[in-house]
Amino acid sequence: MPVTVELPKEKWNGKVREITLGATPAQGGTRTSTVTVGGETTLPFLHFEGSIPYRPAIAVEIQDVPPQDWSTTLLEAWDTAASDPVSWAKKAVELGADALAVKLRGTHPERQSRSAAEAAETVKAILGAVGVPLIVYGPEVAEKDNEVLVAVAEAAAGERLALGNCEDKNYRTIVAGALAHGHLVVAKTPIDVNLAKQLNILISDMGLPLDRVLMDPTTGALGYGIEYTYSVMERLRLAALMGDSMTQQPMICTVGEESWRQKESKVKDGVPSLWGDFAERGPLWEMATAMALLQSGADILVLRHPKTIKTMRETISKLMSS
Amino acid sequence: MALSGLDIYKLLPKTNCKECGFPTCLAFAMKLSQKGVELSACPYVSDEAKAALEAASSPPIRLITIGTGENKIVVGNEVVLFRHEKTFYHEPGLVVRVADSWEPGKIAEVVSQVDSYVVERVGMKLTLNGIAVENVSGDATKFVQVVQLVKQKTALPLVLMSANAAAMDAALQIAGPDKPLVYAATPENWQAYADLAKKYACSLAITDSGDLSRLGSLAESVIKAGVADLVLDPGTRNLADSLASLTQLRRLALKKNLRLLGFPILALAGGDDSTLEEQTILATELIAKYAGIVVLGRFDPTGIYPLLAFRQNIYTDPQKPIQVSPGLYKFGEPGEQSPLLITTNFSLTYFTVAGEVEGSGVPSWLVIADSEGMSVLTAWAAGKFDAEKIAKSVKSAGMDDKLGHRKLVIPGYVATLSGEVEEELPGWQILVGPREAVDIPSYLKTVWKAA
Ligand code: B12
Ligand code: SF4
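The following paragraphs examine the structure supplied in this document. None of the values given here were measured: they were computed from a predicted structure.

1. What to know about the packing of aromatic side chains
- Under the defined criterion, the tally for this structure stands at nine aromatic pairs over all chains.
- Ring plane angle 70 degrees and centroid distance 4.8 Å describe the contact between Trp285 of chain A and Tyr305 of chain B, whose orientation is recorded as edge-to-face. Taken together, the positions of Trp285 of chain A in helix H10 (residues 278-295) and Tyr305 of chain B in helix H11 (residues 301-314) put the pair across two chains. The pair formed by Trp285 of chain A and Tyr305 of chain B is uniform in burial state, with each residue classed as buried.
- Consider the rings of Tyr350 of chain B and Phe351 of chain B, whose centres lie 4.9 Å apart with planes at 75 degrees: the pair is edge-to-face.
- You can call Tyr350 of chain B buried: its relative accessible area is 8%.
- For the cation-ring pair, Lys103 of chain A lies above Tyr137 of chain A, with the distance from its terminal atom to the ring centre recorded as 4.7 Å.

See the structure below:
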């Protein structure tokens, strides 16, 4: 007697919000391409069960000043491109970036302490050089973030940038800037479902529509807390599909930054030989971190190494084909 | 699925003979449903009732053992789809494939490397779990020779992969007592493979690259033929299809209670022609999403370490972080003038710091504060690693008597605490160490010396 197995499908009634980064001239910006993420009505890549209208996007991290503490593997890969944000941006787009994540580290009080006006100039220059949407981060010091991001928001009015990070203690000024000049924000909370929901509520209470809020659940790298991130993302995504409106934001993960902080990616000598080849190790750990988080619901991966960018592009294509 | 007392009662003789020590069959059934008594206490249950009760109390995904002794792979018995719902219990076995068509020298080398591969993380030794020998040549003699060679090089469990029943039989004659996994029964050959699995009392993998209904039919045939220990290979090989089929199998077992497909899953990650990146990415997906055994097409240490780390991460119990005991730890033979550092009792934090302090070669004292298993910044943000806690930990470790100096190194990430700690520990000088543990050796050798 042949057995008939009915495929087990869940009936979800929720949907992840669709969010578009970047605006073309017709939409009031200057971008030649935009990125839309979200819209899923099922868990990651379960095409048999629901729709996944958009591919997860790859944002490539670049900085306004040459990075100081980056692994030699990364510095060698980007070579001279990393010495100038415009050439870096162009190279990243050539390598397949859907968007750029611009970190304005130079504005940090302990780095060059660049002014907000200078930072805005840098962003303008990058916008002039490439056509992809930008995600822009301040120095991650509350007061300076406000100053820098407001200046950037104004200088790039209408571009639908994503401004990050909004955190529970520091979101008002940034949200106000996004509201006034037609941008999006990144809402970041420390690996906690309730805190994520709460911040989304606070931001939407200020009048920013939720289709302009990306959610960063905080990334722990492979070997350094990834299991916490993985599970909180699964919980957020399940809640979203079950219809909890305040968890329905697409998720952005800072994979590169976290993964390249770790010893495995940074240290060449004096480590066990079984850790393997140094030049390959860093990208591979970054790829595995990215893959794990795609499985738990990442909609935007922020990556660092050119090899990771290429491999994750191919991987996403494979995951999307069925 | 557990049966209720009433369900069990229906299966009992209902004679109320009291031989079980209970006044009625119903009373016995009630106690049995609470697991307060063994079924064997009733001498009169029919074989049929026994079978029904056993099936009902068995786990939805059967526990399968491959190999023998301390290296054996034990998989199955999972109870949730998402680790936050409870935990994932049995780490998937990571097995490396060798082909009998390779040069014997290459096979021997790969097997030895797999056998001796061990990395230490968070105080645990992470290792690979077995070797899959594939009969690519199709030749029985060659297969047996290679199985023999592999057995000489390792005591790790084996997966024997051959489509030739005669070759499989010959290999099992030498490897059968080691309880390898027999791979694989198909709709064409299942009778012969079921016979082999029974003859050598080994677990049997079944595979059908059609759909899950066909896999279910195959499972039914093999189970009827008397094989109880199965492993399923749905035959999907790419990222999207594997994710779909493995998710469906896990759901069928747990949510639909489908016994026919309630077995661990074996999946192949990469063959001769896939790149290290492709293998690593597919294996990462398989570890996260429901594989019980992952057969890696190639061995490369660079690609093994992240998989072992990821498996360790995903299979930790989400309810309780791994912790070490608070207290005083010594590295080398520290004396009165040796440096004193403090950190938290989250295992990951402790082992990261301990590794560097040890590696520095500078004899040192390390106080571990009880942060309830939280990392430095998490504990600081949660109020479990504040100035008071730091001071108390240093005092209760008896450092006042053990040291000739009064200098304490705190983690760089909690630099803001230094003033408060100085207030809590009058007479002490608080030194702010580097942020990342990697920089501790150079710090101890230069900055600390000068302080
Ligand atoms: C995983 C994680 C969690 C896990 C807990 C993990 C655990 N068991 O500790 C969970 C999800 C439970 C969690 C919870 C919270 N978290 Co949390 N979490 C993280 C995360 C992602 C990783 C932490 C980690 O494991 N790091 C790895 C370990 C090894 O790092 P470490 O202990 O710091 O050790 C390193 C260094 O400090 C150094 N070092 C350690 N000891 C010593 C000693 C000396 C002498 C020296 C020199 C160096 C040194 O060496 C190590 C390696 O370099 C970080 C963000 C991130 N990406 O880092 C946030 C983070 C730490 N969390 C944060 C917060 C706010 C919280 C919560 C308070 C949120 C909330 N309000 O609920 C809660 C608190 C817990 C509670 N109330 O129960 C914040 C802290 C903010 C801040 N800067 O103060 C962070 C930084 C995230 C963020 N950016 O907002 N978190
Ligand atoms: S021994 Fe069996 S038949 Fe007799 S009372 Fe107990 S349960 Fe009923």
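Picking up after the structure, the text goes on.
2. Considering the site of ligand 2
- With respect to spatial proximity, the complete set of residues near ligand 2 consists of Pro13, Thr15, Asn16, Cys17, Lys18, Glu19, Cys20, Cys25, Phe28, Cys42 and Pro43 of chain B.
- Considering only residue class, the shell around ligand 2 consists of seven nonpolar, two polar and two charged.

3. Thoughts on the nonpolar core
- Core analysis: the largest hydrophobic core is formed by 171 residues, its most contacted members being Leu100, Ile203 and Met312 of chain A together with Leu160, Leu204 and Ile206 of chain B.
- Considering each element in turn, this core owes the most residues, nine residues, to H10 of chain A.
- Not counting residues up to four positions away in its chain, the partners in contact with Leu204 of chain B are Leu181, Val182, Ala185, Tyr193, Ala194, Ala197, Val222, Val227, Asp229, Leu230 and Val231 of chain B.
- Formed by 23 residues, the second largest nonpolar core is a distinct cluster that contains Trp365, Ala379, Ala387 and Ala391 of chain B.

4. Some points on the site of ligand 1
- Near ligand 1 there are 37 residues, and of these Thr343, Thr349, Ser375, Trp380 and Glu436 of chain B occur at the shortest range.
- Per-site note: the chains with residues close to ligand 1 are chains A and B.
- Here Tyr228 of chain A contributes a side-chain N or O atom positioned 3.2 Å from a nitrogen atom of ligand 1.
- In the environment of ligand 1, an oxygen atom lies 2.6 Å from a nitrogen or oxygen atom belonging to the side chain of Glu436 of chain B.
- Listed by contribution, the elements that provide at least two residues to the shell around ligand 1 are strand S14 (340-344), helix H12 (347-360), helix H13 (376-381) and strand S16 (407-410) of chain B.
- Among the residues forming the shell around ligand 1, the class breakdown is 23 nonpolar, nine polar and five charged.

5. Re a negative patch on the surface
- A surface patch of negative charge is lined by Glu388, Glu420, Glu422, Glu423 and Glu424 of chain B.
- Ranked by the residues each element gives to the negative patch, the list is headed by helix H16 (residues 418-424) of chain B, at four residues.

6. Description of the interface of chain A and chain B
- Residue-level contacts link 52 residues of chain A with 52 residues of chain B.
- Its largest share of buried area at the contact with chain B, chain A owes to Val3, Leu274 and Leu284 of chain A, together 14% of the area lost on that side.
- Linking chain A with chain B are six salt bridges, by the criterion used here.
- With its nearest N and O atoms 3.5 Å apart, the salt bridge here joins Lys318 of chain A to Glu278 of chain B.
- Of all elements in the fold, only helix H7 (226-241), helix H9 (263-266), H10 and helix H11 (306-320) of chain A reach the threshold of two or more residues within the side of chain A that touches chain B.
- Broken down by element, the residue count for the side of chain A that touches chain B peaks at nine residues, all from H10 of chain A.
- Of the residues that constitute the side of chain A that touches chain B, the class distribution is 28 nonpolar, nine polar and 15 charged.

7. Examining the pattern of salt bridges
- For the structure shown, the criterion picks out 30 salt bridges over all chains.
- Notably, a salt bridge pairs Arg251 of chain B with Glu49 of chain A, separated by 2.6 Å at the nearest N-O pair. Residue Arg251 of chain B is located in helix H9 (residues 239-255), and its partner Glu49 of chain A is located in the loop between strand S2 (35-37) and strand S3 (57-63); the two belong to separate chains. Comparing Arg251 of chain B with Glu49 of chain A, the two get one shared label, buried.
- Salt-bridge contacts for Lys224 of chain B lead to Glu220 of chain B; the nearest nitrogen and oxygen are separated by 4.0 Å.

Scoring rules and cut-offs
- Residues numbered from 1 in each chain as written.
- Chains lettered and ligands numbered in written order.
- Predicted model: local features only at pLDDT ≥ 70, side-chain atom pairs only at ≥ 80, totals over all residues.
- Heavy atoms only, no water.
- Phe/Tyr/Trp six-rings, centres within 6.5 Å; stacked < 30°, edge-to-face > 60°.
- Helix = DSSP H or I, 4+ residues; strand = E, 2+ residues; numbered from the N terminus.
- Buried < 20%, exposed > 50% of the residue type's maximum accessible area, 1.4 Å probe, protein only.
- Lys NZ or Arg CZ within 6 Å of the ring centre and 35° of its normal.
- Near = heavy atom within 4 Å.
- Nonpolar A, V, L, I, M, F, W, Y, C, P; charged D, E, K, R; others polar.
- Core = buried A, V, L, I, M, F, W, Y, C linked by side-chain atoms within 4.5 Å.
- Contact = heavy atoms within 4.5 Å.
- Polar contact = N/O pair within 3.5 Å; in protein donor to acceptor, adjacent residues only side chain to side chain.
- Patch = residues over 30% accessible without salt bridge, like charges linked within 9 Å, V, L, I, M, F, W, Y side chains within 5 Å.
- Areas by Shrake-Rupley, 256 points an atom, 1.4 Å probe, with all protein chains shown as cover.
- Salt bridge = Lys/Arg side-chain N within 4 Å of Asp/Glu carboxyl O.
- Lys, Arg positive; Asp, Glu negative; His and termini not counted.
- Charge placed at Lys NZ, Arg CZ, Asp CG, Glu CD.
- Buried area = accessible area lost by both parts, 1.4 Å probe.

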